[in-house]
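Close look at the chain arrangement
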Amino acid sequence: MENKIKEAMCFLDAELVQEAAQPAVRKKRKFRTLLVAACLTVMCAVGVAAVSGGLLVKFYHNENLPDSMPALMADGGVDAYYEVSGNETLPLERFSEQLLTCAAQQGAGARYYPFENLEEIETFLGWNFPENPILEEAAPVSTEVTDEGGKTLNAPGSVCLYNDREGRLTMVMALYTCQTRNGWVSLSASAATVDNPNGSIGAMGVDYEGGKVLQQKEEHYLTAAGRECTMVSTQNSVTNGWDVYGWIQQDGYVLRLSLSGAEETAAQNKMKQILDAFQ
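What this report covers is the structure whose coordinates are included nearby.

Reading guide: rules and limits
- Residues numbered from 1 in each chain as written.
- Predicted model: local features only at pLDDT ≥ 70, side-chain atom pairs only at ≥ 80, totals over all residues.
- Heavy atoms only, no water.
- Helix = DSSP H or I, 4+ residues; strand = E, 2+ residues; numbered from the N terminus.
- Buried < 20%, exposed > 50% of the residue type's maximum accessible area, 1.4 Å probe, protein only.
- Contact = heavy atoms within 4.5 Å.
- Phe/Tyr/Trp six-rings, centres within 6.5 Å; stacked < 30°, edge-to-face > 60°.
- Arc of directions from axis to C-beta.
- Polar contact = N/O pair within 3.5 Å; in protein donor to acceptor, adjacent residues only side chain to side chain.
- Salt bridge = Lys/Arg side-chain N within 4 Å of Asp/Glu carboxyl O.
- Patch = residues over 30% accessible without salt bridge, like charges linked within 9 Å, V, L, I, M, F, W, Y side chains within 5 Å.
- Areas by Shrake-Rupley, 256 points an atom, 1.4 Å probe, with all protein chains shown as cover.
- Lys, Arg positive; Asp, Glu negative; His and termini not counted.
- Charge placed at Lys NZ, Arg CZ, Asp CG, Glu CD.

**Here's the deal with the overall build of the chain**
Along the chain, the regular secondary structure elements total 6 helices and 17 strands. Here the chain holds 279 residues, and the buried ones make up 58% of them. Contacts spanning at least 24 positions in sequence make up 67% of the contacts within the chain whose residues lie at least 6 apart.

**Thoughts on the packing of aromatic side chains**
With the rule as written, the count across this model stands at 8 aromatic pairs. Where Tyr113 meets Phe124, the ring centres are 5.6 Å apart and the plane angle is 35°; that geometry is what we call tilted. Here Tyr113 is found in strand β6 (residues 109–115), whereas its partner Phe124 is found in helix α4 (residues 118–125), with 11 residues between them in sequence. Judged by its relative accessible area of 9%, Tyr113 falls in the buried class.

**Quick notes on α4**
For α4, the full list of buried residues reads Leu118, Ile121, Glu122, Phe124 and Leu125. End-on view of α4: buried residues confined to an arc of 165°, all on one side of the axis. Residues of α4 that are exposed and point over 90 degrees away from its buried face: Glu119 and Thr123. Its buried side turned inward, α4 meets α3 (97–106), β6, β10 (157–163), β11 (169–180), β12 (183–192) and β17 (253–261). For α4, the N-terminal capping position is held by Asn117, with its side-chain oxygen 3.2 Å away from the main-chain nitrogen of Glu119.

**With respect to the pattern of salt bridges**
Applying the stated criterion across every chain yields a total of 5 salt bridges. Here Glu166 ties to Arg168 by a salt bridge, and the two come within 3.4 Å at their closest N and O atoms. A residue is classified by how much of its surface remains accessible, and Glu166, at 54% relative accessible area, is exposed. Arg168 gets classed as partly exposed once you look at its relative accessible area, which sits at 41%. A salt bridge links Lys217 to Glu264; the shortest N-O distance between them is 2.7 Å. Note that Lys217 is positioned in strand β14 (residues 213–222) and Glu264 in helix α6 (residues 264–276), a separation of 47 residues in sequence. With respect to class, Lys217 is no different from Glu264; both count as buried.

**Here's the deal with a negative patch on the surface**
Among the surface-exposed residues, Glu116, Glu119, Glu120, Glu131 and Glu136 lie close enough to one another that they form a single negatively charged patch. Inspection of the secondary structure puts Glu119 in helix α4.

**Examining the environment of Thr170**
Turning to its location among the elements, Thr170 is positioned in strand β11. For Thr170, a relative accessible area of 6% corresponds to the buried category. Distance from Thr170 to Ile201, taken between C-alpha atoms, is 9.1 Å for residues 31 residues apart in sequence.

Here you go:
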């Protein structure tokens, strides 16, 4: 089954949304049967907000989508929607000279820059992901991303730079896809800059293409290294499978991981194994 995944920052107002269309990401999801057991509390079918250590994750589904959702997502038929914000913004000197040069040259709007592996992404960002043996041993998987100009890139990794209408860099989002021993995993790292007035580090909409969300569940998880994490699990009606997301903060970046599984508790525990592997 193929899901349409659209990722974009939460722009400040309707005028800016019109001026800088949201970038879209499409990824192929493969649902696998996994075997472990755990338990979460079922959340009601309205929008829910989960807070962990200053990290705010809002999630919605079906008819309860927020009015603030970007127009491109609403027009495309979104079944599940997630908004994320952190409690820290980064000064521009925290980013590499190469990244700042690219941002200055691209002007207003958003643009993707492709990369083949995590090391290349880290060099471009001027920041290193926290060590994680599971992710470091994983095989890169190429995925398609399409920028606001309609240009499609195909690479395991990419970094999207978001500039406001004055050309100021407001958000940086790195994306990476890999095949781990826990299955197919998507990893992102997003940071708001000091020129981002509301601290938003993005939104994500999921279209199940003819299906709908059956239920969403959230859990606050403390990793083996003592990191506070927000987890949200979403079940769809097409396969009855689950998409499991986990968010943590590191050095001003918000990291998001996602994986899919046919069985709820197994997918959740696979996610926890990856989160526990962060040093």
